[in-house]
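Architecture at a glance
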There are 2 protein chains.
Amino acid sequence: MPIAIHPRIDRLQPYEAGERPEPGLPAIKLNQNECPYPVSPKVSDALSRLDPDLLRVYPDADCLALRTALAEVHGLPPSMFLCGNGSSELITLVFRTFVGEGDTVALPDPTFGLYAVVAAMYGAVVRMTPCDSDFRFDPEALASGRPRAIVLANPNAPTGRFVEAERIESLLRRADCLVVVDEAYADFAPPGTSAIRLTERYDHLIVLRTFSKAYALGGARVGYAVTNPRLIEAMKKGKETFSVHALSQLAAEAALRDAAYVRECVARIGRTRERFAARLRAREWDVVPSAANFVLAAPPAGGLSARSLYGQLRERGIFVRHFDTDRLRGMLRISIGTDSDMDALLDALSRLG
Amino acid sequence: MPIAIHPRIDRLQPYEAGERPEPGLPAIKLNQNECPYPVSPKVSDALSRLDPDLLRVYPDADCLALRTALAEVHGLPPSMFLCGNGSSELITLVFRTFVGEGDTVALPDPTFGLYAVVAAMYGAVVRMTPCDSDFRFDPEALASGRPRAIVLANPNAPTGRFVEAERIESLLRRADCLVVVDEAYADFAPPGTSAIRLTERYDHLIVLRTFSKAYALGGARVGYAVTNPRLIEAMKKGKETFSVHALSQLAAEAALRDAAYVRECVARIGRTRERFAARLRAREWDVVPSAANFVLAAPPAGGLSARSLYGQLRERGIFVRHFDTDRLRGMLRISIGTDSDMDALLDALSRLG
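Residues numbered from 1 in each chain as written. Chains lettered and ligands numbered in written order. Predicted model: local features only at pLDDT ≥ 70, side-chain atom pairs only at ≥ 80, totals over all residues. Heavy atoms only, no water.

Section: the interface of chain A and chain B
Many authors give the size of an interface as the accessible area that is lost as the parts come together. Here is the rule: Any two residues having at least one pair of non-hydrogen atoms within 4.5 Å are treated as being in contact. The term buried area denotes the loss of accessible surface (1.4 Å probe radius) that occurs when two parts are joined, taken as the sum for both partners. We call two N or O atoms a polar contact when they sit within 3.5 Å, provided that within protein one can donate a hydrogen and the other can accept it, with sequence-adjacent residues counted only if both atoms are side-chain atoms. For the purposes of this entry, the term helix denotes a DSSP run of H or I that reaches at least four residues, the term strand denotes a run of E that reaches at least two, and both are numbered from the N terminus.
Counting residues at the interface gives 71 residues for chain A, matched by 71 residues for chain B. Across the chain A to chain B interface the summed buried area is about 5,800 Å²; carbon plus sulfur atoms make up 59%. The largest per-residue losses of area from chain A upon contact with chain B belong to Arg56(A), Tyr58(A) and Lys237(A), which jointly make up 14% of the total buried on that side. At the junction of chain A and chain B, the tally comes to 42 residue pairs in polar contact (both at pLDDT 80 or more). If you list the elements that add at least two residues to the side of chain A that touches chain B, you get helix 1 (7-10), helix 2 (41-48), helix 3 (53-56), helix 5 (86-98), helix 8 (229-237) and helix 9 (246-257) of chain A.

Below, the structure is given as structure tokens:
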């Protein structure tokens, strides 16, 4: 007797993450926006002085030490933070807690593909608001048509475009619904981009953050939501109790407390990004201005297509991202690695003609 | 404008896990069925020789190395395994993938409280089949009334009662629906209890396992499902992509490959359990025979109530579990720690009269 798969899953086109290179083979991995620099030495120290009981017993479901550290850094009470298994768990949790079958969810187009996948899983109707021809997105435009929720990434992915917090505030004034701002890449953006300080004044705002990018903890799976305690408590009810690993709580706290290290990594990545973007432009690539740790760029017309470059780079052990949608088909999204990673990529591109 | 919380969450009574003692205070923790012995030295070794890149880059979403090790141990193909963030993530995933609004889910009563919480979150109707007066449960009885799914724990929690795999097979022959057997405690049960080998023959069976109990990895959050590849693929579509931490995949694989160590821990816990149960019985406690790493036991009539003992032990830094339901109110569920943990508990009980 074949077991029926629920339509919410059966019809789902799952999110496809960037490919992992074959373990053991040399590779330059520029397809998941990971930090090219190792975690802070303070994280390695904390893990090497590990209480072995941390593995044996259940972790603190409330992530109290980490939330306390986050509260200090952001100058908000710990009750305004919820930690999760990467911001991806928190994206699911937002839909689970606030979005029902048939509700409309407004997204910019393009944006991070996971939002539409999770929306579909909860039976929501996705309404896309196209970015302009330079991939700039208009947060206020998302508010029209009374959606149940607006989800946007700032800086946006996979474009790297950002807007100032004032634009988010103007959206908040206009929107009569939940507004979720995913700030996975905000550490790389100019000061004044983050909407976190607005969570105190706007009860319909949830900001998401992650330790997977600037904090070099993609393997540790820690993200957090910042919003008012009422929404935090609601999300907590539906959350997997122990989803944040004990070692990850420790690693994230140590990483957060080494602000100088993350600032230095972010600055290096920013310098490499501008250097790399300039070199691509010198080769007549069209590069979208980025405030994140990646660039979206189109190869010059008349040469190899983006899809073909993607495949040929992959054969040479260089992994970048290609999205097969109308808007993005002609472009590559390239994570910013070290200068030498980017030189190797430029070198390979030269040889591919 | 107050954001509406979806009824699936608003009406939810969330699962309450056992309390964590205040960090830094001396405590004997017998309330979450954790292993009292440290992880295998092979796990500590593996973590101390850690490639620091494991923290930096996203983990293997497919947990291939761990699934390959599981496949070897169980003699089944890797395509029959799905790893998750503890078996709790997999319980949620089973409901997400196979259970819809209004579907009936059959559970024994009592059983692990999380099943009914997740069922409620997916709008399912829970039908409880009471265990007999000795807390024995009748797997076949769960099949009546054509539920969408049957979920049971074997050994059952919080009773410790188990049935042989033959009884599960008899249920599988009778049941025209999904059958989920949570084997979180099967490592502690007599050989012949596990239904894993039945997954090859019965396409409507999902077996869940965890590394949180016998493998002493409660802090690492790794569980797995065993079933046919069709159901594995369906569950994978709705799963959080990177929910299993990179270090946890490594730790679980190392723990699994040290079978001698886990056998020794399990044997010690079994000896302590029988010694402790005998001492409780000698004090006229009513102890449910257990095949797990805990016992459910009622203090003698005429003395302090279970609830009062729970509170007074807690004040003395000894944490056990008390469930405030009609069936369980008169009992305590006590995890099996070391002999000295159990002696400290017996000693405290003596002093409480």
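Description of the relation of the copies chain A and chain B
Each of the two copies of the chain can be brought onto the other by a rotation about an axis and a shift along it. So the rule is basically this: Alignment of copies: least-squares fit on C-alpha atoms of residues with pLDDT of at least 70 in both copies.
You can overlay chain A on chain B at an RMSD of 0.0 Å; the transform is a turn of 180° with a shift of 0.0 Å along its axis. Such a combination of turn and shift is consistent with a two-fold rotation axis. Same-surface contact between copies: 100% of interface residues of chain A are shared with the interface of chain B.

Overview of the packing of helix 10 (residues 259-282) of chain B against helix 12 (residues 339-352) of chain B
All names here are of chain B. The cut-off we apply is this: Convention adopted: a line fitted to C-alpha atoms gives each axis, helices being fitted over their contacting stretch, and angles between N-to-C directions are expressed from 0 to 180 degrees. An angle below 35 degrees is treated as roughly parallel, one above 145 as roughly antiparallel, one from 65 to 115 as roughly perpendicular, and anything else as oblique. Each crossing gets its hand from how the near helix is turned against the far one by less than a right angle, where anticlockwise is left-handed and clockwise is right-handed. Think of it as three bins: nonpolar holds Ala, Val, Leu, Ile, Met, Phe, Trp, Tyr, Cys and Pro, charged holds Asp, Glu, Lys and Arg, and polar takes everything else, Gly as well.
One way to put it is that helix 10 packs onto helix 12 with a least axis distance of 10 Å and a crossing angle of 10°. As judged from the angle between their axes, helix 10 and helix 12 are roughly parallel. Note that helix 10 runs across helix 12; the crossing there is right-handed. Between helix 10, through Thr272, Arg275, Phe276, Arg279 and Leu280, and helix 12, the contact on the second element is made entirely by Asp339, Met342, Asp343, Leu345, Leu346 and Leu349. Residue composition of the contact of helix 10 with helix 12, grouped by class: six nonpolar, one polar and four charged.

Comments concerning the packing of aromatic side chains
We count it as follows: Each Phe, Tyr or Trp ring (for Trp, its six-membered ring) is paired with any other whose centre lies within 6.5 Å, and the angle between the two planes then decides the class: stacked below 30 degrees, edge-to-face above 60, tilted in between. Classification of residues uses two cut-offs on accessible area relative to the type maximum, computed with a 1.4 Å probe and protein chains only: under 20% is buried, over 50% is exposed, and between them is partly exposed.
Applying the stated rule across the entire model yields 14 aromatic pairs over all chains. Their ring planes at 90° and their centres at 5.4 Å tell us that Phe112(B) and Tyr115(B) sit as a pair that is edge-to-face. Classification of Phe112(B) by relative accessible area gives partly exposed; the value is 25%. Through pairs of rings, three or more aromatic residues link up here, namely Phe81(A), Phe211(A), Tyr215(A) and Tyr224(A).

Things to note about the confidence of the model for chain A
The condition that has to hold: The score called pLDDT rates the predictor's confidence residue by residue, from a low of 0 to a high of 100.
Averaged over all residues, the pLDDT of chain A equals 96, while 100% of them reach at least 70. Two numbers describe this predicted complex: its pTM, 0.96, and its ipTM, 0.94.

As for the sheet that holds strand 10 (residues 294-298) of chain B
All names here are of chain B. Counted only if it meets this: A pair of strands is labelled paired if DSSP reports no fewer than 2 bridges between them.
Strand order in the open sheet formed by three strands is 9-10-12, and the pairing between neighbours is antiparallel. Edge strands, defined here as strands with exactly one partner in the open sheet, are strand 9 (286-287) and strand 12 (332-335). Inspection of the sheet shows strand 10 paired to strand 12 by four bridges, in the antiparallel sense. Residue Val295 lies in a different strand from strand 12, and its bridge partner there is Ile334.

Focus: the state of the cysteines
Residues and elements named next belong to chain B. Here is the rule: In this description, the term disulfide denotes a pair of cysteine sulfurs within 2.5 Å.
Evaluated as defined, the whole model comprises zero disulfides over all chains. Free of any disulfide, Cys63 has its nearest cysteine sulfur in Cys83, 4.5 Å distant. Since its relative accessible area comes to 1%, Cys63 is described here as buried. Unpaired in this structure, Cys177 has its nearest cysteine sulfur neighbour in Cys131, at a distance of 18 Å.

A short note on the packing of helix 5 (residues 86-98) of chain B against helix 8 (residues 229-237) of chain B
All names here are of chain B. For the pair helix 5 and helix 8, the least separation of the axes is 9 Å and the interaxial angle reads 95°. Relative to helix 8, helix 5 is oriented roughly perpendicular. Residues Leu93, Val94, Thr97 and Phe98 of helix 5 touch helix 8, and the partners they reach there are Leu231, Ala234 and Met235. For the contact of helix 5 with helix 8, the residue count by class is six nonpolar, one polar and no charged.

Topic: the sheet that holds strand 3 (residues 104-109) of chain B
All names here are of chain B. On the basis of which strands lie adjacent, the open sheet formed by seven strands has the order 2-8-7-6-5-3-4 and mixed pairing. Two strands lie at the open edges of the sheet, namely strand 2 (81-84) and strand 4 (125-130), each paired on one side alone. In this sheet, neighbouring strand axes are inclined to one another by 20° on average, regardless of whether the strands run parallel or antiparallel. Summarising the sheet, strand 5 (residues 149-153) and strand 6 (residues 178-182) pair through five bridges and their orientation is parallel. Bridge assignment links Ala149 to a residue of strand 6, and that residue is Leu178. The strands touched by helix 4 (residues 64-74) are strand 2, strand 7 (205-210) and strand 8 (223-226); relative to strand 2, the strand with the most contacts, the crossing angle is about 130°.

Details of the pairing of strand 5 (residues 149-153) of chain A
All names here are of chain A. Burial analysis of strand 5 places five of its five residues in the buried class, which makes it a mostly covered element. Taking every second residue as pointing to the same face, both faces of strand 5 are buried, with Ala149, Val151 and Ala153 on one and Ile150 and Leu152 on the other. Examined bridge by bridge, strand 3 (residues 104-109) and strand 5 share two bridges and lie parallel to one another. Along strand 5, the bridge assignment pairs Ala106 with Ile150.

Details of the pattern of salt bridges
Where side chains of opposite charge bring their charged atoms close, a pairing between them can arise. Residue and element names in this part refer to chain A. Here is the rule we go by: Take a side-chain nitrogen of Lys or Arg and a carboxyl oxygen of Asp or Glu: if they are within 4 Å of each other, that pair is a salt bridge.
Summed over all chains, the structure comprises 54 salt bridges over all chains. The salt bridge involving Glu233 is made with Lys236; its shortest N-O contact spans 3.7 Å. Of the two residues, Glu233 and Lys236 are both situated in helix 8; the distance of three residues between them amounts to about one turn of the helix. Given a relative accessible area of 44%, Glu233 falls into the partly exposed group.

A look at the side chain of Glu240(B)
Filter applied, for reference: Neither His nor the chain ends contribute to the count of charged residues, in which Lys and Arg are positive and Asp and Glu negative.
As for its position among the elements, Glu240(B) is in the loop between helix 8 and helix 9 (246-257). No salt bridge is formed by the buried Glu240(B), whose closest oppositely charged neighbour, Arg96(B), lies at an N-O distance of 4.8 Å. In terms of polar contacts, Glu240(B) uses its side chain to reach the side chain of Thr92(A), at 2.5 Å.

Description of the nonpolar core
Stated precisely, the cut-off is as follows: As used in this record, nonpolar core signifies buried Ala, Val, Leu, Ile, Met, Phe, Trp, Tyr and Cys residues forming a set joined through side-chain atoms within 4.5 Å.
Membership of the largest hydrophobic core comes to 172 residues, with the highest contact counts inside it found for Ile150(A), Phe211(A), Leu217(A), Ile150(B), Phe211(B) and Leu217(B). Formed by 68 residues, the second largest nonpolar core is a distinct cluster that contains Ile5(A), Ala225(A), Ala124(B) and Leu231(B).

A closer look at the domain arrangement of chain A
All names here are of chain A. Convention followed: Per the annotation, domain bounds derive from an automatic or database assignment of domains.
With domains assigned, chain A is organised as domain 1 (7-39 + 260-352) and domain 2 (51-257). When each unit is reduced to the centre of its C-alpha atoms, the spacing between domain 1 and domain 2 is 24 Å. Contact with domain 1, which involves 30 residues of that partner, is made by 34 residues of domain 2. The junction of domain 1 with domain 2 conceals about 2,400 Å² of combined surface from both sides, 67% of it contributed by carbon and sulfur atoms. In terms of surface lost to domain 2, no three residues of domain 1 exceed Tyr15, Ala291 and Arg327, which account for 27% of the buried area on that side. On the surface where domain 1 and domain 2 come into contact, there are zero salt bridges. Across the contact surface, domain 1 and domain 2 share six residue pairs in polar contact (both at pLDDT 80 or more). Those elements that provide at least two residues to the side of domain 1 that touches domain 2 are helix 1, helix 10 (259-282) and strand 10 (294-298). Here the side of domain 1 that touches domain 2 takes four residues from helix 10, the largest share from any one element. In the side of domain 1 that touches domain 2, the residues fall into 20 nonpolar, five polar and five charged.

So, unusual backbone geometry
Cis rather than trans, the peptide bond between Asp109(B) and Pro110(B) has omega equal to 0°. In this fold, Pro110(B) is placed in the loop between strand 3 and helix 6 (114-121). Here Asn154(B) and Pro155(B) are connected by a cis peptide whose omega angle stands at -5°. One can find Pro155(B) in the loop between strand 5 and helix 7 (165-174). Positioned with a positive phi, Arg146(A) is a non-glycine residue whose angle comes to about 50°. As for its placement among the helices and strands, Arg146(A) is situated in the loop between strand 4 (125-130) and strand 5. Note on Arg146(A): relative accessible area 65%, which makes it exposed.

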